[in-house]
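Structural overview for review
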Amino acid sequence: MGYYDEDQYTRYQRQKGNKGGFLFASLAGAIIGGLIVIFTVPTLARLGALPYDVEPKNNEQIGQSTEQRIGDSKNVSVNVQTAITAAVEKTSEAVVGITNIQTGRGFWFNTEQSQQAGTGSGVIYKVDGEKAYIVSNYHVIEGASELEVTFSDGNKTPAILVGGDQWTDLAVLEISSENVKKIAEFGDSDELQIGEPAIAIGNPLGLTFSGSVTQGIISGLERSIPVDINQDGRPDWQSEVLQTDAAINPGNSGGALVNIDGQVIGINSMKIAQSSVEGIGLAIPINYAIPVIEDLEQYGEVKRPYMGVSLSSVNEIPVRYQQDTLKLPEDINYGVAILEIVPNSPADQAGLKEYDVVVEMDGVKINDSVDLRKHLYNEKEAGQQLEIKYYRNGKLQETSMTLVEEDLQ
């Protein structure tokens with residue numbers, strides 16, 4: 001059998017009791033300490049005896065902070081929208097609808113009747129006393145016997161065609177200034193950057209959607225678009241245009257393309273309308289349009305230098321006739337053939353003849369009739385000298401002519 005030591009057992013029991021008491025005392029002390037903190041810290045905080053702020057944020061403070069943060073976020077969004085809204089407000093009342101009215105044979109008794117042939121848009125850019133002036137596209141007013149302008153508030157007034165230019169697709173109209181509330185401000189299209197905001201204002205699909213606004217960006221600068229002036233299936237000109245992805249539809253033609261400051265930077269002119277193409281709108285840069293507008297307003301036409309010839313691009317002439325009729329060297333497959341010369345014209349006085357082939361002007365290679373017209377209309381003025389290199393009977397020759405001002409060829 002085993003045995004135990006009484007003194008050892010007594011010591012064990014005493015140690016066990018001391019541990020239990022220690023745990024109880026510790027727990028009680030922690031509870032009491034916590035209560036002291038809870039009840040004394042707020043008092044010390046109110047007295048300013050603590051080196052830090054222990055005041056909790058109440059719901060109102062939290063709400064204000066959140067509201068402030070949300071407000072800041074809204075301000076960023078609202079500022080952008082406000083700029084666009086302000087730009088539209090600045091210009092929209094200067095954008096009008098234009099109705100092209102033409103005379104045709106009526107159904108009853110074969111009498112002549114006036115009927116709407118099409119609609120477009122225009123931009124009021126100037127008020128001079130009792131007159132106001134509108135810029136639009138030439139194709140909007142082409143063939144009109146009457147023109148009618150519709151303001152943004154629905155009022156209508158007759159318009160007079162001051163002048164039009166098919167090469168730049170621009171026209172200027174005159175109306176009474178009586179109901180004009182606002183005129184547009186022209187911007188600087190030479191300062192445009194790809195990616196900056198662009199806003200198109202006009203009347204897509206007719207007056208039903210008058211004053212429509214679409215937003216996008218400037219997608220491209222100095223785009224060259226071939227234009228067939230005489231509808232013979234061959235390009236006669238190249239229009240220098242701005243590209244935007246702001247939606248431009250039929251009826252927008254002649255309307256305003258504006259920047260974020262509400263300044264007109266382009267006159268909406270056309271849209272590439274193909275099933276596989278989306279978001280390509282084109283506008284005439286305002287810096288390119290202003291000299292044309294000024295000429296149309298002052299003279300009723302654009303003053304351009306005149307040669308007095310009818311032309312055909314060599315690349316449009318069969319190879320057989322290039323060799324037999326024009327007598328061009330085999331390695332020359334470019335240039336412009338002269339088909340007819342007006343008597344006493346600058347070309348006639350310079351000694352040019354039918355079937356001469358112009359290949360160079362002022363040291364610039366001339367590939368086709370578009371190149372010739374661009375150099376003549378964009379680089380030269382009436383009264384200036386024009387240096388020409390041309391082929392006659394297979395030999396390269398040179399001449400110069402003094403340009404004059406006359407109607408377009």
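Presented here is an overview of the structure given in this document. All of these numbers come straight from a predicted model, not from anything done at the bench.

1. Describing the pattern of salt bridges
- Within the structure shown, the criterion is met by 11 salt bridges.
- Where E185 meets K90, a salt bridge forms, and the shortest distance between an N and an O atom there is 2.8 Å. Of this pair, E185 sits in the loop between β6 (170-176) and β7 (197-202) while K90 sits in helix α2 (residues 59-91), and the two are 95 residues apart along the sequence.
- Using a relative accessible area of 34% as the deciding quantity, one classes E185 as partly exposed.
- In this structure, E93 and K182 form a salt bridge, with 3.7 Å as the shortest nitrogen-oxygen distance. Of the two residues, E93 sits in the loop between α2 and β1 (95-105) while K182 sits in the loop between β6 and β7, which places them 89 residues apart along the sequence.
- Look at K182 and you get partly exposed, because its relative accessible area is 25%.

2. Here's the deal with the environment of H375
- Relative to the helices and strands, H375 resides in helix α7 (residues 369-379).
- Put simply, H375 and K365 are 10 residues apart on the chain and 10.0 Å apart in space, counted from C-alpha to C-alpha.
- Apart from residues lying up to four places away in sequence, H375 is in contact with M361, D362, V364, K380 and L386.

3. Observations concerning the pairing of strand β14 (residues 309-313)
- When you tally the buried positions in β14, you get four out of five residues, the bulk of the element.
- In the sheet, β14 pairs with strand β15 (residues 336-341) via five bridges, with the strands oriented antiparallel. If you follow L311 over to β15, its bridge partner there is I338.

4. Regarding the nonpolar core
- Residues I98, I124, I134, L170, L173, I175 and V264 are the most contacted members of the largest nonpolar core, which totals 40 residues.
- Core analysis: the second largest hydrophobic core is formed by 24 residues, W167, V309, V336 and Y390 among them.

5. Points about helix α4 (residues 286-299)
- Helix length check: α4, at 14 residues, gives a terminal C-alpha distance of 19 Å against a target of 20 Å (1.5 Å per residue), a fit within 8%.
- Among all positions in α4, only I286, A289, V292, I293, D295 and L296 are buried.
- A positive backbone phi angle near 85° is found at G300, which sits one or two residues after α4.

6. Notes on unusual backbone geometry
- Residues other than glycine seldom take positive phi values, yet E222 does so here, at roughly 55°.
- Among the secondary structure elements, E222 is positioned in strand β8 (residues 212-227).
- Unusually for a residue other than glycine, N344 sits at a positive phi of about 65°.
- Mapped onto the secondary structure, N344 falls in the loop between β15 and α6 (346-349).

7. Some details on a negative patch on the surface
- Residues D188, D190, E191 and E222 make up a contiguous surface patch of negative charge.
- Of note, D188 is situated in the loop between β6 and β7.

Rules used in this analysis
- Sequence order as written defines residue numbering, which begins from 1 separately in each chain.
- Selection of residues for local features in this predicted model requires a pLDDT of at least 70, selection of side-chain atom pairs for listing and counting requires 80 or more, and totals for whole chains, interfaces and linings are taken over all residues.
- Only heavy atoms go into the side-chain values, all of them from the structure, while hydrogens and water stay out.
- Any carboxyl oxygen of Asp or Glu within 4 Å of a side-chain nitrogen of Lys or Arg constitutes a salt bridge here.
- Helix and strand labels come from DSSP, where a helix needs a run of H or I of at least four residues and a strand needs a run of E of at least two; each type is numbered from the N terminus.
- Type-normalised accessible area, obtained with a 1.4 Å probe on protein chains alone, sets the label of each residue: buried when under 20%, exposed when over 50%, and partly exposed for intermediate values.
- Between two residues, a contact is recorded if the distance between any of their heavy atoms is within 4.5 Å.
- A pair of strands is considered paired only if DSSP assigns at least 2 bridges between the two.
- In these notes, a set of buried Ala, Val, Leu, Ile, Met, Phe, Trp, Tyr and Cys residues joined through side-chain atoms within 4.5 Å is what counts as a nonpolar core.
- Every helix has an expected span of 1.5 Å times one less than the residues it contains.
- The patch calculation keeps residues exceeding 30% relative accessible area without a salt bridge and links them within 9 Å when they carry like charges or within 5 Å when they are nonpolar (Val, Leu, Ile, Met, Phe, Trp, Tyr).
- Here the accessible surface of atoms and residues is derived via Shrake-Rupley with a 1.4 Å probe, and residues count as covered only by protein chains that are part of the display.
- We treat Lys and Arg as the positive residues and Asp and Glu as the negative residues; His and chain ends play no part in the count.
- To locate a charge, the coordinates of NZ of Lys, CZ of Arg, CG of Asp or CD of Glu are taken.

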